[in-house]
Each structure stands twice: as C-alpha cells, then as structure tokens.
Amino acid sequence: MPLIDHVTIEVRSGKGGDGHISFLHDKNTEFGGPDGGNGGRGGSVYLRATRNINNLFKYRHSFTAIAMDGEDGHKKNMYGKNADDIYIDVPVGTVAYLQEGHRLVADLKKEGDCVMVAKGGRGGRGNACFKSSRHRVPRIGENGHPGEVKRLVLELKSVADAGLIGFPSVGKSTFLNVVSRANVQAADYWFTTKEPNLGVVALDDGRSFVLADMPGLIEGAHEGKGLGLEFLRHIERCRVLIHFVSMSGERDPYEDWKIINEELKGYGANLEGRPQIVVATKMDEERAEERKAKFDKAIGFESMPLSALTQQGVNALLLKAKDLIDITPDFPLKGETEVTGVKVYDAHLDAGLRSSEFEIVSEGARAWRIVGDNVVRTYRLINVSTDQGIQKLVKYLDKLGVEKELEKMGAKNGDTVYLDDFAFEYFD
C-alpha cells in the first residue's frame, strides 16, 4: 500500500431538529396549553487519532463524512432524538487545516486524541418554551440550528523524536537498519527512500527514542523539487535533526551542508533553529579523515565521525541524540503560533470572520435584498409558518433598523424585499 500523507476531505455536521408547535388536548386537563417539544441536536463530526492505521489511504478519493440531522420535537413536550456523532479515524501525527485560508484546526499527535471539526446544530425550541405569564398561547416554534460544512486538508506528519536528514545516499537508511529493526531498503543510488521510515532505538542504559529516516533532500526541495515538500512536512515534528554529510569524496561536504541548511530555512517552519547534530558519514572510505578535517574547519566546529560499516561512532551518536532530545521541547508546527501540551481547537474558526449585522443591496428595479451572516442565521431559526413567527421576524428586523435603512436606500411602497428565501413587500 503506497503512503498517502496528504488528502482533502469534506465534513458535514447535522442540522438540529425543529421545535414542535402543538397544544395539549386531554379530557383530564381543564386548560390545555402549549406542549410542543424541542428538536434534537444534529450529529457532530470528530477526527480521532489511532495507531491502527498508518496512512490516509482510505480518504484519497473525495471522502465526505455526513452526520445525520437531529429529530424534530413532538407533542406532549417530547424532545426529538439527538443524532449520532461521526468519528473519522486518522493516523497518529495527522494535522488538519481548513482548505480556505489553510488555518490550523487540529493536531492529533497522541493515541486517542479527538477533536470536533464540525459541530452539530442545536435543536430548535418548541412552543412550550415560549409560554409566559403574558403570552399564554404561543404559536411559535424555533427551527433547528444549521450544521457546518467544511473542506479540510489532512496532512500526516511523522511522529519521531529525531530525524535523519541529508542528501540522498549518505547512509541514512543503512544507519537506521543498524540501530533498529526497521529493515528499510538501502542501495547506492538516489531516492532509495521514497517515504519516511521509523525505527525505535533502544540504548544500553534502558532509554529509547523514535528515529526517522527521511527521504533525501536536494537543492530546491522547499520549492517541491525531488521529493521536496513530501520530506519537509514530516520533519516538522522532530525535536532533534541528525544531519548526515558524506565523506566519500563524491561530493563537496561543505557545499552539501550549506544547501541542506538553506532548504530547512526556506521551508518556513523554523527548521533551521532546531538542535542539529552534524555527522560525518562513511568514515571507512579512503581519505575520509582528511576530508572531515577540512569540513570541520569550514563549518567552524567538529562533526561526529560515523561508519555504519564498522559501527565507528554509533553509540556515541545515539547517546548524544537522546540527551539532546530529553532537554528539547516540542516545536510548533507550520502555522501554529505557540507550543502547548494537549491541543484543543475551536471548531468555529470562522466565527470571528462574520460580516456586519446586515446590509441592503439592490436587486434591480423595485427589488432589494437583506444580506449579512447574522441576520440570515437568525431568520433561519424563526419558524415563519405561523402568524406569530412572522410577527417575531418583523419585530427583529425593526429592532435592527432595516426599515430605516430601506428608506435611506430609496425603497418605495410595494417594492419587494428578500431575506434568504423569504420575500415581503415594503410599506413605509
């Protein structure tokens, strides 16, 4: 099964059930009154992290998750049934963004992490809720709140403590095989590794950490060249970077070191600011010591020597990596502004993007439309199938000042005014 680590899905939460309008008819009750029950809550949609799957393969083809609507209320003050929630299982390490604006919604980096990404609509109130000492016979109910529709981009970012980076064929896969049981393919040609490979490294002192072998970088990777962004996305979670530079003599070590660091910087997630262990690999090659000395002088500090063939420097590197991991905190992902423990995101990320309360726009000769997120949302909650419902809507529009705004815009008697799917005539 190929690694699918980037998909787009659609989630739709359910609408709340409508409130019921009814009156009690019972020979044993002297005065029947309103007894319409409330509607049930619509189903919500959640993302849930699990280790039972390791990629996003099942969501690769236009996946849509649709939660059911809540049940309408009933007479005798009976509430409608709440709809069941939907849970979408994703691999541990999955990050979700809103497709529009690429705003971070959820970071699921631990087994069992669960985040609501589309909230079900609240059920509407039945007419029993509107009874008061001044209004004993309410003939009005409330429609259920609408659900949410969102397009989400899911990205899988490998969960590893340390990541092996460097040009292709510098010995990353071979090293991972030596220090763990990953058993990944290793060969003497570029891009042998086409997807991240994880291995658990156990140290002699009983400690352990997760090490990731990342696909090789080349110049221009942050622009998508080679395996490009497919690689850089997975390295975001690594707290420590182990930078392999080959001393085989086939390439200039110093130039390779500079290019890789430029690619980290170009990606834009502050990858260049992470703790980095520079390792001179393939020290078993002829004249490797000479090249390493020249390389260390160029970078201004001493790199760690390593030979996976003779296992020179393996234990020293693992101990240093683990010590560095233990004192290094988690870093924010690209688009995140702070580092926290358990991430809980508000599913209503667009709540602060609402327009003003309302606006009047012309729709041609003697026609006007009331627009605005808030006014349309409130209208949809009002049941306009009854006279009292119409009165409630009119009272709400008057309170907003719609009539004054229509007059200012030049509306004449008999003009048609539209609000969502509702139309009425204007009279001053």
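Residues numbered from 1 in each chain as written. Predicted model: local features only at pLDDT ≥ 70, side-chain atom pairs only at ≥ 80, totals over all residues. Heavy atoms only, no water.

1. Let's talk about the overall build of the protein chain
Reasoning step 1: The secondary structure content of the protein chain amounts to eight helices and 18 strands.
Reasoning step 2: Scored against the burial criterion, the 428 residues of the protein chain give a buried share of 47%.
Reasoning step 3: Sequence-distant contacts, at least 24 apart, represent 71% of the contacts inside the protein chain between residues at least 6 apart.
Reasoning step 4: Total accessible area on the protein chain stands at roughly 22100 Å², and carbon and sulfur atoms take up 48% of it. (Helix = DSSP H or I, 4+ residues; strand = E, 2+ residues; numbered from the N terminus. Buried < 20%, exposed > 50% of the residue type's maximum accessible area, 1.4 Å probe, protein only. Contact = heavy atoms within 4.5 Å. Areas by Shrake-Rupley, 256 points an atom, 1.4 Å probe, with all protein chains shown as cover.)

2. With respect to the nonpolar core
Reasoning step 1: Judged by nonpolar contacts, the single largest core of 36 residues is most densely connected at Phe175, Phe209, Leu211, Ile242, Phe244 and Leu317.
Reasoning step 2: Here the element with the most residues in this core is helix 5 (residues 314–326); it accounts for five residues.
Reasoning step 3: Excluding residues within four positions of it along the chain, Leu211 makes contact with Ala162, Gly163, Leu164, Phe175, Leu176, Val179, Asn197, Leu198, Gly199, Val201 and Ile242.
Reasoning step 4: Counting residues in each nonpolar core, the second largest holds 25 residues, with Ile9, Ile88, Leu108 and Leu154 among its members. (Core = buried A, V, L, I, M, F, W, Y, C linked by side-chain atoms within 4.5 Å.)

3. Re the pairing of strand 8 (residues 149–156)
Reasoning step 1: The element strand 8 is extensively covered by neighbouring structure, given that six of its eight residues are classed as buried.
Reasoning step 2: The sheet contact formed by strand 1 (residues 6–12) and strand 8 spans seven bridges and is antiparallel. If you follow Arg12 over to strand 8, its bridge partner there is Val149. (Pairing = 2+ DSSP bridges.)

4. Details of empty space enclosed by the protein
If you roll a probe as big as a water molecule over the atoms, it shows you where there is empty space left.
Reasoning step 1: This structure, assessed with the given rule, holds one cavity of 30 Å³ or more.
Reasoning step 2: Put simply, the largest cavity is a space of about 30 Å³.
Reasoning step 3: In terms of lining, the largest cavity is formed by Gly166, Phe167, Val170, His243, Phe244, Val245, Ser246, Asp256 and Ile260.
Reasoning step 4: Elements that contribute at least two residues to the lining of the largest cavity include exactly strand 12 (240–246) and helix 3 (253–267).
Reasoning step 5: Per-element tally for the lining of the largest cavity: the top contributor is strand 12, with four residues.
Reasoning step 6: Its residues placed into classes, the lining of the largest cavity shows five nonpolar, three polar and one charged. (1 Å grid on protein atoms, 1.4 Å probe; cavity = no way out; pocket = protein on both sides within 12 Å on 5 of 7 lines; lining within 4 Å. Points joined across faces, edges and corners; volume = space filled by probe spheres on them. Nonpolar A, V, L, I, M, F, W, Y, C, P; charged D, E, K, R; others polar.)

5. Comments concerning a negative patch on the surface
Reasoning step 1: On the surface, Glu250, Asp284, Glu285 and Glu286 cluster together into a negatively charged patch.
Reasoning step 2: Looking at the secondary structure, you find Glu250 in the loop between strand 12 and helix 3. (Patch = residues over 30% accessible without salt bridge, like charges linked within 9 Å, V, L, I, M, F, W, Y side chains within 5 Å. Salt bridge = Lys/Arg side-chain N within 4 Å of Asp/Glu carboxyl O. Lys, Arg positive; Asp, Glu negative; His and termini not counted. Charge placed at Lys NZ, Arg CZ, Asp CG, Glu CD.)

6. Quick look at helix 3
Reasoning step 1: Here helix 3 contains 15 residues, and its C-alpha end-to-end distance of 22 Å stays within 8% of the 21 Å for a straight helix at 1.5 Å per residue.
Reasoning step 2: Along helix 3, the positions that sit buried rather than exposed are Pro253, Asp256, Trp257, Ile259, Ile260, Asn261, Glu263, Leu264 and Tyr267. (Expected span 1.5 Å × (residues − 1).)

7. Quick look at unusual backbone geometry
With the exception of glycine, the majority of residues adopt a negative phi angle, and the majority of peptide bonds are in the trans configuration.
Reasoning step 1: Phi at Asn77 is positive, roughly 60°, even though this residue is not glycine.
Reasoning step 2: Examined against the element boundaries, Asn77 turns out to sit in the loop between strand 3 (64–66) and strand 4 (86–91).
Reasoning step 3: Residue Asn77 is classed as partly exposed on the basis of its relative accessible area, which comes to 44%.
Reasoning step 4: For Arg366, which is not glycine, the phi torsion reads 55° and is therefore positive.
Reasoning step 5: With respect to the helices and strands, Arg366 occurs in the loop between strand 15 (359–362) and strand 16 (367–371).

8. What to know about the sheet that holds strand 7 (residues 114–118)
Reasoning step 1: With respect to topology, three strands assemble into an open sheet ordered 4-2-7, the strand pairing being mixed. Two strands bound the open sheet, and with one partner strand each, they are strand 4 and strand 7. Across the sheet, the axes of successive neighbouring strands diverge by a mean angle of 30°, strand direction being ignored. (Axes fitted to C-alpha atoms, helices over the stretch in contact; angles between N-to-C directions.)

9. Some details on the side chain of Ser180
Reasoning step 1: Its place among the elements puts Ser180 in the loop between helix 1 (172–179) and strand 10 (197–202).
Reasoning step 2: Under the relative-accessibility criterion, Ser180 is labelled buried at 10%.
Reasoning step 3: One polar contact links the side chain of Ser180 to the main-chain carbonyl oxygen of Leu176, over a distance of 2.7 Å.
Reasoning step 4: Filtering out sequence-adjacent residues up to four positions away, Ser180 remains in contact with Gly199 and Val200. (Polar contact = N/O pair within 3.5 Å; in protein donor to acceptor, adjacent residues only side chain to side chain.)

10. What to know about the pairing of strand 11 (residues 208–213)
Reasoning step 1: Here strand 9 (residues 162–165) pairs with strand 11 via three bridges, running parallel. Bridging from a neighbouring strand, Ala162 pairs with Leu211 of strand 11.
Reasoning step 2: Pairing analysis gives six bridges linking strand 10 to strand 11, with the strands arranged antiparallel. Counted as the bridge partner of Ala202 is Ser208 from strand 11.
Reasoning step 3: Taken together, strand 10 and the strand that follows it, strand 11, pair antiparallel across an intervening segment of five residues, in which Gly206 is found at a positive phi of about 95°.

11. With respect to the pattern of salt bridges
Reasoning step 1: On inspection of all chains with the given rule, the structure shows 24 salt bridges.
Reasoning step 2: Between Asp330 and Lys109 there is a salt bridge; the shortest N-O distance is 3.9 Å. In this pair, Asp330 is assigned in the loop between helix 5 and strand 15 and Lys109 in the loop between strand 6 (104–108) and strand 7, connecting sequence segments 221 residues apart.
Reasoning step 3: What makes Asp330 partly exposed here is its relative accessible area of 38%.
Reasoning step 4: The exposure class of Lys109 is partly exposed, given its relative accessible area of 22%.
Reasoning step 5: In this structure, a network of salt bridges that share partners links the residues Asp205, Arg207, Lys322, Asp323 and Asp326.

Treat this as a map of the structure, not an account of what it does.
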